[in-house]
Structures are given as structure tokens and as C-alpha cells.
Amino acid sequence: MADVFDRVKEIIIDKLDVEESKVTMEASFKDDLEADSLDVVELVMELEDEFDMEIADEEAEKINTVGDAVNYINNLQG
Amino acid sequence: MLTGKTAIVTGGSRGIGRSIALELAKNGANVVVNYAGSEEKAQAVVEEIEQLGVKAFKFQADVADEAQVKEMVKLTVDSFGSVDILVNNAGITRDNLLMRMKESEFDQVINTNLKGVFICTKAVTRQMMKQRSGRIINVASIVGVSGNPGQANYVAAKAGVIGLTKTTAKELATRNILVNAIAPGFISTDMTDQLTDEQKNGMLSLIPLAKLGEPEDVAKVVRFLASDDANYITGQTIHIDGGMVM
């Protein structure tokens, strides 16, 4: 669990250029991390590459918070 | 000028697309020559490009078929390491008067000429976003600006391409992906050879430069838009039409 969160966090810090402390499970990409919709699309792409998987567009649209992304990945890998 | 860049040219086996593929290659780009049916002609273009000292391969794909297009883009990246330039050139005509035009004729042209641009653009965008650079050049047509009797389907598709160009340019600008359209007028190709003399003479009388354009006239503008010389141009439609529509 922590492992996935840490890897996701690292990508978010790198892509969105935000403080590490802001990247919590509850943080919303758009509201808390100041990502625009294209940033979120790009993050999903990065996550797909990092975790070697494909996230369908319908699923990707449901990813609003860091926790959404982490849980989605954990469920897939579970 | 384009050394080390990789370009995909759809409909690159003939006409304007062939000239574009060769022009980009002359300037140092590796080129993927996409084609729908003219395999021999595509092969001839590939061989001509290879003689220029750059790499090329041909790839048969229906531009409106997402799976085929994705495969083409993947092979391009696997082979050359990037996709820097996409030229959406593939196009067909099914001319008829509106009152006689079949729904199938309308659909076929919209599918290849408009939806094909969407599919190919979407397919290269992932790679270009990662690269933080890219050039997309859409071959529209001057009739997409002016309208043209007998081409309701083609004109609708080309006008659609101009709108798609503007939206794509706005969406991708922050990722340094520049998207422009060109609008060729009356260019000497297989497609214009099909026009009747009456149609040709009618068009010539509307062209201030009073002559047909050559495919090379179009290709050189594409080369410019693909180059670093065009770093501050996006969302535009450049008319290459001898002054026909101003």
C-alpha cells in the first residue's frame, strides 16, 4: 500500500511541481494540487507507464484524488 | 533543418502527400509513409526517401481505424524513437450535387477526411505530450473556407478540419505542440485531374496568379510549419491558393 502511494506521490511531485506535504490520500488533483484537466490526463498516462497498465477513459474520469489513483492501482494489482 | 526528427505523413504515397514526405526527408526527417491502397507507389516513395540518406518505411492503415493507427504510431516510436511531426494529409472525394449525394458518400468522406484527422491526432498526442514538443499539420482545403458546389461532403469535412485544428492548437499549446492547417487551392494532382475542363477553367478564372499550384508549393509550406522557423505559429490556416480566397 505504502509502496504504491510513494510511487504515485513521486510522480505527482515531479509532474505538478508541488510540495511533498500537500500530496495526501485526500488531496484533490484539481482543487488541492492545482492541476488542470490536461495535467490529470498526463498524470494518468504517467501512472499507466509506471505501473505498466491501461486505465480505460471511463475509469480515468473517476480519478479525482490521490487516493482514487492509489486505490485503483491497488485494486488492479490485488 | 529537420535532422533527427520523425514525421508521419498520412496518404503519403501520391499527390500532395508524396511531395510532403519527400520535402520533409530532403530536410533530414525520417518519414513514415502511410497509405491506404497504393502499396507500390508507397514503396516507390520509401525508396526515393532512402536515397536521400534518411530512414523511411511504409505502413498501410485506414486513418479512421483507431487500432491500425495506434499500431502505426507504436511502430514509428519503436523504430525511430519519437514522433515529432504528423501531417494529416489522407483524403478522398465522392463528389455529387447535394440533391444526388448518397448518405454513404457523405459518411465515407467525413470518415476519412475528418474523423481520420481526429484519430491520428489523438494517437500521436500521448507521445508528443511526453516529448513536450510536436507539430501537427492538417491538410484542409480552400473549399473548406469558400464552399464549392458538388462537394458538400468534402467541404464539410475540410471546414471541420479547420475547426479541429483550432481546438487542438488551444488544448495542446501548453505542451509545446503546435497545430496548424494548410488550405491548398487548385493543385495539380490525380484528384484535380478528375475535374472537367469546364470546372478547371472556371477555377482558373478565379485565381489571381492565373495558374495551378504544384504539390511542391504545398510541401514547402508544410516544411516551414514543421520547422523551428514556425515556433510562434499555432491554430492558423495558411492558404496556398494563388490568391484565390483572401
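Refer to the preceding data block for the structure.
Residues numbered from 1 in each chain as written. Chains lettered and ligands numbered in written order. Predicted model: local features only at pLDDT ≥ 70, side-chain atom pairs only at ≥ 80, totals over all residues. Heavy atoms only, no water.

1. Examining the overall build of chain B
- In terms of regular secondary structure, chain B is built from 9 helices and 7 strands.
- Here the C-alpha radius of gyration of chain B, 17 Å, is about what a compact globule of 246 residues would show, namely 18 Å.
- The C-alpha extent of chain B, read off along each of the three principal axes, is 50 × 35 × 35 Å.
- Contacts in chain B between residues at least 24 apart in sequence constitute 74% of all its contacts with a sequence separation of at least 6.
- With the model as given, the accessible surface of chain B reaches about 11,400 Å², and the carbon-plus-sulfur share is 51%.
- Charge centroids of chain B, computed over 26 positive and 27 negative side chains, lie 7 Å from each other. (Helix = DSSP H or I, 4+ residues; strand = E, 2+ residues; numbered from the N terminus. Rg over C-alpha atoms; globule rule 2.2 N^0.38 Å. Contact = heavy atoms within 4.5 Å. Areas by Shrake-Rupley, 256 points an atom, 1.4 Å probe, with all protein chains shown as cover. Lys, Arg positive; Asp, Glu negative; His and termini not counted. Charge placed at Lys NZ, Arg CZ, Asp CG, Glu CD.)

2. Topic: helix 9 (residues 215–226) of chain B
Residue and element names in this part refer to chain B.
- Between its first and last C-alpha, helix 9 extends 17 Å over 12 residues, near the 16 Å set by a 1.5 Å rise per residue.
- Here helix 9 has its buried residues at Pro215, Val218, Ala219, Val221, Val222, Leu225 and Ala226. Down the axis of helix 9, the smallest arc covering the buried residues is 160°, so these residues share one side.
- Those residues of helix 9 hidden inside the fold are in contact with helix 1 (15–26), strand 4 (85–88), strand 5 (134–139), strand 6 (177–184) and strand 7 (237–240). (Expected span 1.5 Å × (residues − 1). Buried < 20%, exposed > 50% of the residue type's maximum accessible area, 1.4 Å probe, protein only. Arc of directions from axis to C-beta.)

3. Description of the sheet that holds strand 6 of chain B
All names here are of chain B.
- Across the sheet, 7 strands lie side by side as 3-2-1-4-5-6-7; this open sheet has parallel pairing. Across the chains shown, the open sheet's two edge strands, defined by having one partner strand only, are strand 3 (56–60) and strand 7. For this sheet the average axis-to-axis angle between neighbouring strands, irrespective of direction, equals 20°.
- Two strands pair when backbone bridges link them, and strand 1 (residues 6–9) and strand 2 (residues 30–35) are joined in this way by 4 bridges, in the parallel orientation. Residue pairing across strands places Val9 opposite Val33, the latter belonging to strand 2. (Pairing = 2+ DSSP bridges. Axes fitted to C-alpha atoms, helices over the stretch in contact; angles between N-to-C directions.)

4. Quick notes on the pairing of strand 5 of chain B
Residue and element names in this part refer to chain B.
- Within strand 5, 6 of the 6 residues are buried, which leaves the element mostly enclosed by the surrounding structure.
- Neither face of strand 5 is left uncovered, since the one carrying Gly134, Ile136 and Asn138 and the one carrying Arg135, Ile137 and Val139 both have all their residues buried.
- Note that strand 4 and strand 5 share 4 bridges and pair parallel. If you follow Asn88 over to strand 5, its bridge partner there is Asn138.
- Considered for its hand, the β-α-β crossover made up of strand 4, helix 4 (residues 103–131) and strand 5 is right-handed. (Right-handed = clockwise from strand over helix to strand, strands pointing away.)

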